[in-house]
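Breakdown of the fold
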Amino acid sequence: MQTALDHLEKHKVFIDTLGIDMIPLSEAYRAVEKSIDSQLAEVMETLQAQLGGLVEDLETIIPVDND
């Protein structure tokens, strides 16, 4: 999430006539994409860590016949 926020901060532009900071829409989409990607990577790591042990447990309970 911090990477996405840093990306938005980096691409922020001050608009004098409006007196506000704005971020181009394409950069906002990139920030959302970065956030989603990092969250998915975190979920995948967690699942692999948890399911990796499950696969090993199943292999010890039910031996795999490779004939």
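Above: the structure in question.
Residue numbering note: each chain is counted from 1, following its sequence as written. pLDDT decides what is reported in this predicted model: residues at 70 or higher carry local features, side-chain atom pairs at 80 or more are listed and counted, and totals for whole chains, interfaces and linings draw on all residues regardless. For side-chain calculations, the full set of non-hydrogen atoms in the structure is used, while hydrogens and water are omitted.

1. What to know about the environment of methionine 1
Note the cut-off: For helices the rule is a DSSP run of H or I covering at least 4 residues; for strands it is a run of E covering at least 2, with both sets numbered from the N terminus onward. Relative accessibility decides the category of a residue: with a 1.4 Å probe and only protein chains considered, values under 20% of the type maximum give buried, values over 50% give exposed, and everything between is partly exposed. Note on contacts: a residue pair qualifies if any of its non-hydrogen atoms lie within 4.5 Å across the two residues.
Its location among the elements puts methionine 1 in the segment before α1 (2–10). Look at methionine 1 and you get exposed, because its relative accessible area is 58%. When the C-alpha atoms of methionine 1 and glycine 53 are compared, they prove to be 28 Å apart, with 52 residues separating the residues in sequence. Residues in contact with methionine 1, not counting those within four places in the same chain, are Ser35 and Ser38.

2. Regarding helix α2 (residues 25–61)
So the rule is basically this: The span one expects for a helix is its residue count, reduced by one, times 1.5 Å.
Here α2 is 37 residues long and its end C-alpha atoms lie 53 Å apart, about the 54 Å a rise of 1.5 Å per residue gives. Buried within α2 are the following residues: Glu27, Ala31 and Ser35. Those residues of α2 that are buried lie in contact with α1.

3. Considerations on the pattern of salt bridges
Condition: The salt bridge definition used is simple: a Lys or Arg side-chain nitrogen within 4 Å of an Asp or Glu carboxyl oxygen.
Throughout the structure, instances matching the rule amount to three salt bridges. Taking the shortest distance from any N to any O, the salt bridge between lysine 12 and aspartate 21 comes out at 3.8 Å. When its relative accessible area of 33% is taken as the criterion, lysine 12 is described as partly exposed. Here glutamate 27 ties to arginine 30 by a salt bridge, and the two come within 2.7 Å at their closest N and O atoms. Here glutamate 27 pairs with arginine 30, and both are found in helix α2, just three residues apart, close to one helical turn. Note on glutamate 27: relative accessible area 11%, which makes it buried. Linked through salt bridges whose partners overlap, the residues forming this network are Glu9, Lys12 and Asp21.

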